[in-house]
Amino acid sequence: MGSEAVIVRKPRFLGLHGFRTSGAILKKQIEMKWPKPVLEKIEIVYPDAPFPARGKSHVQRVFLPPYYEWFQINKELTSYTHLDECLAYIENIIIKQGPFDGLLGFSQGALLSGGLPGLQAKGVALTKVGMIKYLIIIGGAKFRDKSVAEKAYSSPIQCPSVHFLGEKDFLKPYGLELLESYVDPVIIHHPQGHTIPRFNEKGLEMMLSFLGRIEKDILSENKE
């Protein structure tokens, strides 16, 4: 009997970069630190955030400008400016460059990625595009603005997710708090700070397993 080779497309993720960095910077951070076995199993699109940085970037000694921010935030991290414009901007990217299977976010991008499934479920964001299916959260946290948080986290977030928690990350307590809103999250611990981490053997195994799960879902969808 002959057999036909089954070609499974790579999962496509929209990569949301950190505060006052850029899509190009996130691409460099990931491609410098993540090994080929991971990079070969995922396609990531790296847009720039909509607003030019309104202050100094913490990466300016390492990466060249320009730098961007998704929205503005006060010192207490409890109030946001231009968040609605940011959400509309992300939706437009998905319409033009999608579809995407999920979101990958780091820092401010992780804040967005971690809250968007709940906002979408409530019908207050991404109403013109398909549902977010998977999440990769690196250095994440919860929205602190009560008016946003009560919509984003009012119900358990069901979509499969992997969360990177750094032992030296100043956002780790907030990343742990975010986990409470998720059903059965995959948690990859690393010894570093607020950064895109390299993988140890266990973390690599967990990440490949997560991506393999998505591949199986895509294969099942193709058969249907």
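Residues numbered from 1 in each chain as written. Predicted model: local features only at pLDDT ≥ 70, side-chain atom pairs only at ≥ 80, totals over all residues. Heavy atoms only, no water.

**Student:** Any chance you could explain the pairing of strand S7 (residues 102–106) here in plain terms?
**Tutor:** Put simply, side chains in a regular strand alternate between the two faces of the sheet. In terms of burial, S7 is a largely internal element, five of the five residues being buried. Because side chains alternate across S7, one face comprises the buried residues Gly 102, Leu 104 and Phe 106, and the other comprises Leu 103 and Gly 105, equally buried. Bridge analysis of strand S1 (residues 12–16) against S7 gives four bridges, and the strand direction is parallel. Each bridged residue has a counterpart across the sheet, and for Phe 13 the counterpart in S7 is Gly 102. Looking at chain direction, S7 and strand S8 (residues 134–138) are connected through five bridges and run parallel. Across the sheet, Leu 103 pairs through a bridge with Leu 135, a residue of S8. (Buried < 20%, exposed > 50% of the residue type's maximum accessible area, 1.4 Å probe, protein only. Helix = DSSP H or I, 4+ residues; strand = E, 2+ residues; numbered from the N terminus. Pairing = 2+ DSSP bridges.)

**Student:** Whenever I open this one, the UniProt feature "domain: Serine hydrolase" (unreviewed entry) in the protein confuses me. Can you help?
**Tutor:** The UniProt record marks residues 9–200 with the feature "domain: Serine hydrolase" (unreviewed entry), using the residue numbering of this structure. Helix makes up 31% of residues 9–200 and strand makes up 19%, while its end C-alpha atoms are separated by 26 Å. (UniProt positions renumbered as here; feature names shortened; annotations may be inferred.)

**Student:** Is there a simple way to think about the sheet that holds S8 in this case?
**Tutor:** Adjacent strands of a sheet form backbone hydrogen bonds with each other and so pair up, either parallel or antiparallel. Taken in spatial order, the six strands line up as S2-S1-S7-S8-S9-S10 in an open sheet, and their pairing is parallel. Looking at which strands have only one partner, the edges of the open sheet turn out to be strand S2 (43–45) and strand S10 (186–190). Averaged over all pairs of adjacent strands, the angle between their axes in this sheet comes to 20°, without regard to strand direction. Contacts between helix H6 (residues 172–179) and the sheet are confined to S8, strand S9 (161–166) and S10, with S9 contributing the most and set at about 155° to the helix. (Axes fitted to C-alpha atoms, helices over the stretch in contact; angles between N-to-C directions. Contact = heavy atoms within 4.5 Å.)

**Student:** Would you explain H6 in this entry?
**Tutor:** Residues spaced three or four apart along an α-helix face the same direction, because each turn holds 3.6 residues. If you check which residues of H6 are buried, you get Lys 172, Gly 175, Leu 178 and Leu 179. Buried positions in H6, seen along its axis, are confined to an arc of 110° and lie on one side of it. (Arc of directions from axis to C-beta.)

**Student:** Help me understand the pattern of salt bridges in this model?
**Tutor:** As a working rule, side chains carrying opposite charge can pair if their charged atoms are close by. Throughout the structure, instances matching the rule amount to eight salt bridges. The partner of Lys 133 in a salt bridge is Glu 221, with the nearest N and O atoms 3.2 Å apart. You can see Lys 133 sitting in the loop between helix H4 (108–121) and S8 and its partner Glu 221 sitting in helix H7 (residues 201–223), a full 88 residues away along the chain. Accessibility expressed as a relative area gives 33% for Lys 133, which makes it partly exposed. Residue Lys 172 pairs with Glu 167 through a salt bridge whose shortest N-O separation is 2.8 Å. We classify Lys 172 as buried; its relative accessible area is 19%. (Salt bridge = Lys/Arg side-chain N within 4 Å of Asp/Glu carboxyl O.)

**Student:** Would you take a moment to explain helix H3 (residues 83–97) for this structure?
**Tutor:** Helix length check: H3, at 15 residues, gives a terminal C-alpha distance of 21 Å against a target of 21 Å (1.5 Å per residue), a fit within 8%. All of the buried residues along H3 are Leu 83, Cys 86, Leu 87, Ile 90, Glu 91, Ile 93 and Ile 94. Axial view of H3: buried residues confined to an arc of 155°, hence all on one face. Turned more than 90 degrees away from the buried face of H3 sit Asp 84 and Lys 96, all of them exposed. On its buried side, H3 packs onto S1, strand S6 (80–81), H4 and helix H5 (146–152). (Expected span 1.5 Å × (residues − 1).)

**Student:** Teacher, can you tell me more about the environment of Glu 31 here?
**Tutor:** Note on placement: Glu 31 falls in helix H1 (residues 23–33). Under the relative-accessibility criterion, Glu 31 is labelled partly exposed at 43%. It is 10.0 Å that separates the C-alpha atoms of Glu 31 and Ile 196, two residues lying 165 residues apart in sequence.

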